[in-house]
Amino acid sequence: MWNDHYLKFADDADFNAHMPKALLGESETHATDVVGVLYRNDTNAALEGYHVNLRLKNGTPLPAALETFEIAPPAYPKRVFM
């Protein structure tokens, strides 16, 4: 079983400065999906932030360094893990 976390950074530089390198890519304990900038469907205007989906194996806690970047799960996420 997995737990999904939705993260929002200020920009690409903020993501690179704070995302633990050990969590990039995929392994048997995690998967990282860098979504980047999202856009509104109706106006194609950029939404604030740089978005990343992080999937962690059950029992693996979200690193404390990422807690301030976690946002509530979106009602209609643009991308999800399958």
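Attention here is on the structure that accompanies the text. (Residues numbered from 1 in each chain as written. Predicted model: local features only at pLDDT ≥ 70, side-chain atom pairs only at ≥ 80, totals over all residues. Heavy atoms only, no water.)

A few words now on the overall build of the chain. Scanning the chain from terminus to terminus reveals one helix and four strands. For the chain, the sequential pattern of α-helices and β-strands runs β-α-β-β-β. Its C-alpha atoms give the chain a radius of gyration of 13 Å, within 12% of the compact-globule value 12 Å for 82 residues. Taken across its 82 residues, the chain has 32% of its residues classed as buried. For the chain, restricting intrachain contacts to residue pairs at least 6 apart in sequence, the fraction spanning at least 24 positions comes to 64%. Of the roughly 5,400 Å² of accessible surface on the chain, a fraction of 55% belongs to carbon and sulfur atoms. (Helix = DSSP H or I, 4+ residues; strand = E, 2+ residues; numbered from the N terminus. Rg over C-alpha atoms; globule rule 2.2 N^0.38 Å. Buried < 20%, exposed > 50% of the residue type's maximum accessible area, 1.4 Å probe, protein only. Contact = heavy atoms within 4.5 Å. Areas by Shrake-Rupley, 256 points an atom, 1.4 Å probe, with all protein chains shown as cover.)

Attention now moves to the layout of surface pockets. In this structure, the largest pocket occupies an estimated 220 Å³ of space. What lines the largest pocket is a set of 14 residues, among which Leu38, His51, Pro74, Pro77 and Lys78 lie closest to the centre. For the lining of the largest pocket, the elements supplying multiple residues, two or more each, are strand 1 (2-9) and strand 3 (50-57). Per element, the largest residue contribution to the lining of the largest pocket is three residues, and it comes from strand 3. Grouping the amino acids of the lining of the largest pocket by side-chain chemistry returns 10 nonpolar, two polar and two charged. (1 Å grid on protein atoms, 1.4 Å probe; cavity = no way out; pocket = protein on both sides within 12 Å on 5 of 7 lines; lining within 4 Å. Points joined across faces, edges and corners; volume = space filled by probe spheres on them. Nonpolar A, V, L, I, M, F, W, Y, C, P; charged D, E, K, R; others polar.)

Attention shifts here to the environment of Asp14. By the secondary structure assignment, Asp14 is in helix 1 (residues 12-18). A C-alpha to C-alpha distance of 25 Å links Asp14 and Asn41, two positions 27 residues apart in sequence. Once residues lying within four places of it in the same chain are set aside, the contact partners of Asp14 are Phe9 and Phe69.

Moving on: the sheet that holds strand 2 (residues 30-36). Across a sheet, paired strands are connected by hydrogen bonds in the backbone, their directions being either parallel or antiparallel. Read from one edge to the other, the open sheet built from four strands follows the order 2-3-1-4, with strand pairing classed as antiparallel. Two strands bound the open sheet, and with one partner strand each, they are strand 2 and strand 4 (70-71). By the bridge criterion, eight bridges tie strand 1 to strand 3 in an arrangement that is antiparallel. Pairing of Tyr6 across the sheet is with Asn53, part of strand 3. (Pairing = 2+ DSSP bridges.)

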